[in-house]
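Read off the chains here:
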Amino acid sequence: MSDEKPGYRLLTGEDTHEFCVRVSKALAEGYVLYGSPAATFDPNTNRMLVAQAVVRPDFPKGN
């Protein structure tokens, strides 16, 4: 497997401090936020789930 970082990543998980740390780490690695975060409540587990897309700055933009 290549050590090259992917151009696009979708970070997902429970809305916790650890999730925020994961997003912050991606930003520190050079990724930038792509779009708005998404959130949903899972009533089966009583948890808030979140997602945030990040991209490399040189990632090709769609038309």
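Everything below is about the structure printed above this text.
Residues numbered from 1 in each chain as written. Predicted model: local features only at pLDDT ≥ 70, side-chain atom pairs only at ≥ 80, totals over all residues. Heavy atoms only, no water.

Sorry if this is basic, but what is going on with the nonpolar core here?
Soluble globular proteins: nonpolar side chains tend toward being buried together. One finds L11, F19, V23, A26, Y31, V50 and V54 forming the largest nonpolar core, which totals seven residues. For this core, the secondary-structure elements that each account for two or more residues are α1 (17-28) and β3 (47-55). In terms of residue count, the dominant contributor to this core is α1 (three residues). Each residue touching F19, except ones within four places of it in the same chain, is listed here: L11, T12, G13, E14, V50, A51 and Q52. (Core = buried A, V, L, I, M, F, W, Y, C linked by side-chain atoms within 4.5 Å. Buried < 20%, exposed > 50% of the residue type's maximum accessible area, 1.4 Å probe, protein only. Helix = DSSP H or I, 4+ residues; strand = E, 2+ residues; numbered from the N terminus. Contact = heavy atoms within 4.5 Å.)

I tried to follow α1 on my own but got confused; where do I start?
Working note: α-helix, 3.6 residues per turn, so residues spaced by three or four point in the same direction. Taking 1.5 Å per residue as the helical rise, α1 with its 12 residues ought to reach 16 Å, and the 16 Å between its terminal C-alpha atoms agrees with that figure. In this structure, the buried residues of α1 make contact with β1 (8-14), β2 (32-42) and β3. (Expected span 1.5 Å × (residues − 1).)

Can you walk me through the side chain of Q52 in this structure?
Following the sequence through the fold, Q52 ends up in strand β3. Judged by its relative accessible area of 6%, Q52 falls in the buried class. Within the local environment of Q52, its side chain forms a polar contact with the backbone oxygen of G35, the two atoms lying 3.3 Å apart. Excluding residues that lie within four positions of it along the chain, Q52 makes contacts with R9, L10, L11, F19, V23, L33, Y34, G35, S36 and P37. (Polar contact = N/O pair within 3.5 Å; in protein donor to acceptor, adjacent residues only side chain to side chain.)

Looking at this structure, how should I read the pattern of salt bridges?
Side-chain pairs of opposite charge can arise whenever the charged atoms involved come near each other. The full count for this structure, using the stated rule, is two salt bridges. In this structure, the salt-bridge partner of R9 is E29, at a minimum N-O distance of 3.6 Å. Linking R9 in strand β1 with E29 in the loop between α1 and β2, this pair joins segments that are 20 residues apart in sequence. Assessed through its relative accessible area of 25%, R9 is described here as partly exposed. Taking the relative accessible area as the measure of exposure, E29 reaches 30% and is therefore partly exposed. We note a salt bridge from R47 to E14, for which the minimum N-O separation is 3.4 Å. A residue pair is termed long-range when its members are at least 10 positions apart, and R47 in strand β3 and E14 in strand β1 qualify at 33 residues. For R47, a relative accessible area of 31% puts it in the partly exposed group. (Salt bridge = Lys/Arg side-chain N within 4 Å of Asp/Glu carboxyl O.)

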